[in-house]
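Structural overview for review
One-letter residues, chain by chain:
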Amino acid sequence: MATGIRDKVAIVGMGCTRFGERWDVGADGLMVEAFLEALADAGIERSRIDAAWVGNALDDINVGNSALPAAHALRLDKVPVTRVENMCATGTEALRGAAYAVASGAVDIALAIGVEKLKDTGYGGLPLRTKGVQNDLWMPYGSAPGTFAQLAGAYAARHGIAAADLKRAMAHVSWKSHQNGALSPKAHLRNAVDMDKILNAPLIADPLGLFDCCGVSDGAAAAIVTTPEIARALGKADPVTIKAIQLSASNGWEMQFGAWDGASVPNTRAAAGRAYTEAGIRDPRAQIDMTEVHDCFSITELVIMEDLGLSDEGRAPSDILDGRYDRDGAIPCQLDGGLKCFGHPVGASGLRMAYEVYLQLQGRAGERQRYKVDFGLTHNLGGAPFNSVAAVAILGRLN
Amino acid sequence: MSGVPELVRVDSFGIVAIGGYVPMLRLDRQSAARELAWSGLPMPRAGMRAVADWDEDALTLAVEAARTLVGDVAPDALRFASTSAYFTDRAQSGMALDALGLPRTVRTSDAANSRRAGTTALLDALFGQRDEIVAAGEKRPTQPGSAAQLGFGDGAAAARTGANAPARLAGYASISHDLVDRYSSREHPTSYAYEERFVRDMAVAETLVPAVRDACTAAGIAPDRLAHVAVHEPVGACWRAVAKALGCRATNHCEAVSNAVGDLGAAHALFGLGLAFEAAEPGDFVLLVGFGSGADALVFEVSGPVPGADAMVRALKEGQVLASLSRFLSLTGSIDLDWGMRAEFEQKAQATVLERVGRDVIGFVGGRDSTGNVQFPKSAFPVNPALSQVENMEDVRLADLEATVVSVTADRLNFSPDPPFDFGLVQFENGARVLMEMVNRPAEGFRVGDRVRMRLRIKAQNSRLGFRTYFWKAAPIARPVLGEA
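Residues numbered from 1 in each chain as written. Chains lettered and ligands numbered in written order. Predicted model: local features only at pLDDT ≥ 70, side-chain atom pairs only at ≥ 80, totals over all residues.

**Notes on the overall build of chain B**
Of regular secondary structure, chain B possesses 13 helices and 24 strands. Scaling as 2.2 N^0.38, a compact globule of 485 residues should have a C-alpha radius of gyration of about 23 Å, and chain B matches this with 23 Å. Each of the three principal axes of chain B carries a C-alpha extent, and together these read 75 × 60 × 40 Å. Across the 485 residues of chain B, 53% fall into the buried class. Sequence separation of at least 24 residues holds for 73% of the intrachain contacts in chain B that already meet a minimum separation of 6. (Helix = DSSP H or I, 4+ residues; strand = E, 2+ residues; numbered from the N terminus. Rg over C-alpha atoms; globule rule 2.2 N^0.38 Å. Buried ≥ 20, exposed ≤ 12 C-beta atoms within 10 Å, placed from the backbone. Contact = placed C-beta atoms within 7 Å.)

**Description of the interface of chain B and chain A**
The interface of chain B with chain A comprises 43 residues on the first partner and 37 residues on the second. Where the side of chain B that touches chain A is concerned, the elements lending two or more residues are α13 (351–362), β20 (403–411), β21 (421–428), β22 (433–437), β23 (451–462) and β24 (467–476) of chain B. With six residues, the top contributor of residues to the side of chain B that touches chain A is β20 of chain B. Residue composition of the side of chain B that touches chain A, by class: 20 nonpolar, 15 polar and eight charged. (Nonpolar A, V, L, I, M, F, W, Y, C, P; charged D, E, K, R; others polar.)

**Looking at the nonpolar core**
What tends to happen in soluble globular proteins is that the nonpolar side chains get buried as a cluster. Within the largest apolar cluster, 290 residues are counted, with the highest numbers of intra-cluster contacts made by Ile-113 of chain A together with Ala-62 of chain B. Residues contacting Ala-62 of chain B, with those up to four places away along its chain left out, are Phe-80, Ser-82, Ala-96, Ala-135, Ala-136, Gly-137, Ala-156 and Ala-158 of chain B. (Core = buried A, V, L, I, M, F, W, Y, C linked by C-beta atoms within 7 Å.)

**Observations concerning the domain arrangement of chain A**
Residues and elements named next belong to chain A. As far as domains go, chain A holds domain 1 (10–122 + 218–241) and domain 2 (144–215 + 243–397). Averaged C-alpha coordinates put domain 1 and domain 2 at centres separated by 24 Å. Each partner contributes to the interface: domain 1 provides 37 residues, whereas domain 2 provides 35 residues. When contributions to the side of domain 1 that touches domain 2 are tallied by element, the ones reaching two or more residues are β1 (10–16), α3 (90–103), β4 (109–117), β7 (218–226) and β8 (240–249). Counting residues per element, the side of domain 1 that touches domain 2 draws most heavily on α3, at eight residues. Within the side of domain 1 that touches domain 2, the residues separate by chemical class into 20 nonpolar, 11 polar and six charged. (Domains from an automatic or database assignment.)

**Overview of helix α4 (residues 92–99) of chain B**
Taken across its eight residues, α4 of chain B has six buried, putting it largely inside the fold. Those residues of α4 of chain B not exposed but buried are Gln-92, Ser-93, Met-95, Ala-96, Leu-97 and Ala-99 of chain B.

**Focus: helix α1 (residues 27–42) of chain A**
Residue and element names in this part refer to chain A. Across its 16 residues, α1 extends 23 Å between first and last C-alpha, which sits within 8% of the 22 Å expected from 1.5 Å per residue. Where α1 is buried, its residues touch β1, α2 (68–74), β4 and β7. Once α1 finishes, Gly-43 follows within two positions and takes phi at roughly 75 degrees, a positive value. (Expected span 1.5 Å × (residues − 1).)

**Some details on the confidence of the model for chain B**
When pLDDT is averaged along chain B, the result is 95; 97% of the residues meet or exceed 70. The ipTM for the predicted assembly is 0.83, set against a pTM of 0.91. (pLDDT = per-residue confidence, 0-100.)

**Things to note about the sheet that holds strand β16 (residues 320–321) of chain B**
Residue and element names in this part refer to chain B. Strand order in the open sheet formed by three strands is β4-β3-β16, with mixed pairing between adjacent strands. Each of the sheet's edge strands pairs with one partner strand only, and the pair in question is β4 (48–51) and β16. With four bridges joining them, strand β3 (residues 25–28) and β4 adopt antiparallel strand pairing. Within the sheet, the bridge partner assigned to Leu-27 lies in β4 and is Arg-49. (Pairing = 2+ DSSP bridges.)

Below, the structure is given as structure tokens:
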């Protein structure tokens, strides 16, 4: 029986660029920026990297296929480099690859790096391309907000909640993230926004308004992982360790079979359940001290709170409005501003989430520091609610 | 040429059913003409014209008109007629065959290059004395400022021929005459019209009067026996002149079509025929006249209700007023809005993929697994979690079924030529669940739980490569009644 990777892999160094409209730098420069910070944090030379996993989701428009863009940018010399892509879950996927390599004993030190250069497209939101494959003949070309907006109607229908009440809870999600983003020096959006402005913003995809949606950003984030033994040898007395990483992918069931009501993301539930088991978490509400979740849209974060088991079914709106996930709430969510305000360079986002938990676990989060963080959870979601890849990671300390 | 084939008389061969389809949007001519009043250009001001959505064309409209005629038994042949078909070297009838779920053994043909193509195809089907479907559809481009832009309409009509028909072909006449009343060409794709008085005089004297007179003679009746007529007039008041010349007093039902939805080109006379059939009593003689480069005149003897005719009358009363002239101009391609970079993406289709799965897509054919659950598209491993082995699925057509909206949004981010872009999951009772675009948006928008029906539409348009693909989109079951909204 599989024993999982709990405490078999330590994170000894992390780096994260400033996210946002990085007119000043390309994908290669972003990777270098995150990598240099991670190397300095780990206290190692580049030559110690035995293998690397690089994540980027939208190869057509920015970074490019294969290992080579990262190997070139970081001048990784004749080491195995693997490019991974799992839509918006790509960042966590890169971390998973690197962690599994260390846990298996295949390598001593591995790099996970995620990067995306989205602001060269010339417009907001994600680009759209078709190549004439089978799905192009019938599947609607909906936008990301269009696909996630559908959670709202389905959620309201399942729980009998009025659209206006749900909209207010969604607005609080964004309000909170703007409050937090203002305290994040590397965040894309660092402005607090009042509720009226959020509630009255132009619609992007009913019922999501402008402030219900995260933008897309340029950015990169990186993690250097190794064994706990090597971490100690590098001077990390109580290193941050990976307690769990789990992933769950749709097999088409949600969008092709009639059983799902559209008001939750089953893959998040599956990945979270396995992650709690792997990490030995028996009572997430009591044991998880903070979360960084995939708040691509406000309704997504709301639903995630139930999918992670942090709110009872149908109770997320009231928990959110009660401040449970605010910075000073019981289980703060998006202390760094989340996708909403820190930004969403797709391939980097999973590692950006880990970066915030990593800082919080070490008491290095500055103004954002929580008084107690023993376990932090990251949740990364690719695709659409009806066709998704969900990744859940739990980080803690070794001792 | 005129007469009636001998067997027609014996077998009561004629039209066994008829169908029509018009797009939902209606432009009020008066308000549109008022917008152009500054120009002093002469515009038709009475009534309304039907306006196709961006994703409707002659093919989709014709298929919608023909759908009700398919039934359980495939016809011997399917004929498509239009002057505005998108493809010039790809048979619309072949695509219509797949869209209607008909077998490949059904003969197909396309008629074009004249507004008379619809009646010509019908006459050929009747000559052959076979069970055939004739479907005519039009979405003709027009130039802003032209009377045609407000006078034309988008729509379709179809008829099925067969024996023991409630509308027997009693006689016909056909006259070929290259009268250039108007034309369009590759270098002038919108209609160029000549002076109305000239057209009326020539059309009435040289084609309409002789054709109608000869058809009545072939049917063995005097023109005053015609109870109802459906005459496609090249310009207004032609029928009045013909009726006066021949001593006939019947109402021309094509005028009601022009008034409600506009001149439907190759589909116009057939649509008017539906209205005439609905108004006719058993024993009545009904005249059909298609005009363009001559005229076809067909006289039918009605012995009972013609299935589908009642729905055509209703279709003219349903719809939604299109209040924005700029939206009308955009939908008709008369103005080219700058939709920004998001509109620049390429919607390419590959022939190899179309060959593999295109028929299932345009026919909306899913698969039934061994438990009875249906899915779209088909797959080797069924999506049904209860099954774990690879299966061969049985074909199940979803196009003719109703479904329920599971989730939906009005997307305003991604490019659509007519935003917002409504899409979401729809659930069929047989188990199939499909992510679909939605059309004919209700005033209050789509909602979870709404019942929807399927409509054939353009899925992707690639104007650079001059290619388009088709798929089905979900629409509300019923349309609003005009004047009640």
